[in-house]
Every structure is written in structure tokens, then in C-alpha cells.
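Summary of the model geometry
Listed below, chain by chain, are the residues.
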Amino acid sequence: MKPRHFLTLLDLSGQELKDIIDRACELKILLDQGIPHELLRNKVLAMVFEKSSTRTRVSFEAGMNQMGGSAIFLSPQDTQLGRGEPVEDTARVLSRMVDAIMIRTFEHEKIERMADYSSVPVINALTDDYHPCQLLADMQTFVQHRGSIQGKTVTWIGDGNNMCHSYINAARLLDFELIVACPPGYDPNPELVAANKDRVKIVRSPEQALPGSSLVSTDVWASMGQEDERVRRMKDFEGFEVTLELMSLADENALFMHCLPAHRGEEVSADVIDAPDSVVWEQAENRLHAQKALLEFLLC
Ligand code: CP
Ligand code: NVA
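Basis of the calculations
Residues numbered from 1 in each chain as written. Chains lettered and ligands numbered in written order. Predicted model: local features only at pLDDT ≥ 70, side-chain atom pairs only at ≥ 80, totals over all residues. Heavy atoms only, no water. Pairing = 2+ DSSP bridges. Helix = DSSP H or I, 4+ residues; strand = E, 2+ residues; numbered from the N terminus. Axes fitted to C-alpha atoms, helices over the stretch in contact; angles between N-to-C directions. Contact = heavy atoms within 4.5 Å. Near = heavy atom within 4 Å. Polar contact = N/O pair within 3.5 Å; in protein donor to acceptor, adjacent residues only side chain to side chain. Areas by Shrake-Rupley, 256 points an atom, 1.4 Å probe, with all protein chains shown as cover. 1 Å grid on protein atoms, 1.4 Å probe; cavity = no way out; pocket = protein on both sides within 12 Å on 5 of 7 lines; lining within 4 Å. Sits in = over half its atoms within 2 Å of the grid points. Salt bridge = Lys/Arg side-chain N within 4 Å of Asp/Glu carboxyl O. Buried < 20%, exposed > 50% of the residue type's maximum accessible area, 1.4 Å probe, protein only. Right-handed = clockwise from strand over helix to strand, strands pointing away. Phe/Tyr/Trp six-rings, centres within 6.5 Å; stacked < 30°, edge-to-face > 60°.

Quick notes on the sheet that holds strand 3 (residues 100-104)
Sheet architecture is open: 4 strands sit in the order 2-1-3-4, paired in parallel fashion. Of all the strands in the sheet, just strand 2 (70-74) and strand 4 (122-124) have a single pairing partner and so form its edges. Each strand of the sheet is rotated relative to its neighbour by a mean of 20°, with strand direction disregarded. Pairing between strand 3 and strand 4: 3 bridges, direction parallel. Of the residues in strand 4, the one forming a bridge with I103 is N124. Those strands touched by helix 2 (residues 55-66) are strand 1 (44-49), strand 2, strand 3 and strand 4, and its axis lies near 175° from that of strand 1. With respect to the sheet, helix 4 (residues 108-117) is in contact with strand 3 and strand 4, its orientation differing from that of strand 4 by roughly 165°.

Following this line, the structure appears as C-alpha cells:
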């Protein structure tokens, strides 16, 4: 039988996503109260990182430990993947030894090939195209602060990147409207936009995008792998920094989110991200709870 993978949010139904968010909230309470929840006892997660990570690595490893299992960190520098062993072979070998494989890499197609050859669940921990684990945490954070996101307006400001693509998928699954404000040349994938044209709108300025918005989210202008484009991007994204002035155009109670790491003075001003009521730290913490719920969903 083919295992359940988590390559994009669309590997879940809307109801499954809501259930995972609810469970993440329960697991957060169990941890806060010191109640053991070793639901993954003796389970092992292999974590393949071909790009840097702080939050994803620590949250998956801590989460596996808290649930009674363990995680193994694998980098291309220290494994045969970095010496050209095909991902198909790596998938077949790892899946005979571990219970799930998490991978952060460049091409999304690579993770699809890994999933095709893996007999255990494969989890996307970020590709050039999608970052679904982050959306679990973002949606959990919204629900905890504001309740259901259904019917709300969400604004994405900045690059039409992997995070933006996952926001588009979340809009579809959770039934909210997504307004993307990006400069020309930085649109999200046109096919994905076309497939979701009933809930995704692209505009060219944050000022146009923000009125009526309950959630404002942004991300770095140059993602991992785009370091060479940094100078050009800084120029192209002028006017897209999320400032207090821009936030004042959104709903009075609008939340600001950022997947982190953040560059203050570029995509977000310090007074927005460091505001006393900023939820970004809780959003980061929720990576732990949401991924524990995901692991339980995939492995139990
Ligand atoms: N948001 C996020 O995925 O952070 P890391 O790159 O630190 O894992
Ligand atoms: N878009 C960013 C997200 C980092 C978590 C990147 O891919 O580098």
C-alpha cells in the first residue's frame, strides 16, 4: 500500500487540515502541562537538509523526542546524497530503516521522486515551490488568535515564492480570499493562480491589497538559492516593506506573520515584527505543535 505523503497542503483535505490544527492545539496544551504524549514511541524520522534551517530542524527533532521517538539529521556533506547517489536509491534504503522521511531541498520534482520510491511517508520541509509545514503553523496561529479563517481576507506582500504558493493552497483548503501584492516579474506560479482564480487576486501595490485584510504575511525577498539576485531584488521590491503605516490600512485587528528568518528594514520594519503583540514568535513555536500533529496523522 502506498503511504500517505505530505508534499503540498493539497495532500490533505480541508477537513484533515482543520483536524491537524485542532490536534496541534491539544498537543500544545499537553506539552505546556507536562503531560506525556509518547505516541511515536520507537519511531524514527530521517531528516534530509539540503538547505539551511533553524526552526524546521529543531521543531521536527524536538517533536520526535517529545513523542517518544527520535530523529536523524542528514546533510549532503556527510551522506552519499552529496556524492551523487540518486534520490530514488536513498528513498528505498532509508524507508527500510526509518518510519518517515523529511526533506528540505531545491527542486520540488526531487521530493516527488523521493515519494515515488519511498515506502514510508515523505514530508516536504521546504522546496523551491512549497513550504506546507509552515502553513500548518500559520493557520494554527490564526485560529488560536482569531478563530476560523474561512471567508476572511489574507494579504501576501512580497515575492510570489514557495510560501506564497502554500498560502494559495491554504486559501483553497480553508476557503479564504488571498490577495497577493507583488512587483511585476515576481508573480506566483501562473498555473497555480489560474487553478485558484476564484480566491486569489494579484495586485501591484500593498496599498491596494491591504484594506479589509485580517492577516498580513510576508517573507524574505531573496529565498535560499537566490542569493545572487539579492541586489536586484532589493531594488525591485522597493515600496513592499511591511511598515506600521501599511499595517494601518489592514483591518484594525489584523495579525502580521512572517515565517522567519526576517530581514528588518527590508521586507518588514522592526516596529512591526517586534511589536509587543507580534505573533511571529508564537507562529514559530507552533511549528513544533503542528508538525507533531502531522507526524501523528501520518504515522499512527
Ligand atoms: N521558517 C522556517 O522554515 O525556518 P527555518 O529555515 O529556520 O527552518
Ligand atoms: N522563502 C524562504 C523561506 C524560508 C523559510 C526560502 O525559501 O528561503
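Topic: the site of ligand 2
In the vicinity of ligand 2, the residues found are L126, H131, N161, N162, D219, S223, M224, C259 and L260. At 3.4 Å from a nitrogen atom of ligand 2 is found a side-chain nitrogen or oxygen belonging to N161. For ligand 2, an oxygen atom lies 2.8 Å from a polar atom in the backbone of M224. Contact with the protein chains removes 94% of the 260 Å² of surface that ligand 2 exposes when unbound. In a pocket analysis with a 2 Å cut-off to the grid points, ligand 2 is assigned to the largest pocket.

Topic: the pattern of salt bridges
Summed over all chains, the structure comprises 19 salt bridges. Put simply, K51 and D128 hold a salt bridge, and the shortest N to O gap is 2.7 Å. Highlighted residues: K51 in the loop between strand 1 and helix 2 and D128 in the loop between strand 4 and helix 5 (132-146), separated in sequence by 77 residues. For K51, a relative accessible area of 8% corresponds to the buried category. Salt-bridge contacts for E88 lead to R113; the nearest nitrogen and oxygen are separated by 3.0 Å. Residue E88 is located in helix 3 (residues 87-94), and its partner R113 is located in helix 4; the two are separated by 25 residues in the primary sequence. The buried category is assigned to E88, whose relative accessible area is 15%. Judged by its relative accessible area of 29%, R113 falls in the partly exposed class. Each of the salt bridges in this network shares a partner with another, and the network as a whole consists of D159, E229, R232, R233 and D236.

A closer look at the pairing of strand 3
Among the 5 residues that make up strand 3, 5 are buried, leaving the element largely enclosed by the rest of the structure. Of the two faces of strand 3, the one lined by A100, M102 and R104 and the one lined by I101 and I103 are each fully buried. Inspection of the sheet shows strand 1 paired to strand 3 by 5 bridges, in the parallel sense. Bridged to M47 within strand 3 is M102. You can see the chain leave strand 3, run along helix 4 and come back into strand 4, and the turn it takes is right-handed.

Points about the packing of aromatic side chains
Each aromatic ring pair is described using two quantities: the centre-to-centre distance and the angle formed by the ring planes. Counted under the stated rule, the structure contains 5 aromatic pairs. Ring geometry for W156 versus Y167: centroids 5.5 Å apart, planes at 40°, classification tilted. Placement of W156 in strand 5 (residues 153-157) and of Y167 in helix 6 (residues 162-174) is noted, with a sequence separation of 11 residues between them. Its relative accessible area of 0% is what places Y167 among the buried residues. Here the aromatic rings of F237 and F240 are separated by 6.2 Å at their centres, their planes lie at 85°, and the arrangement is edge-to-face.

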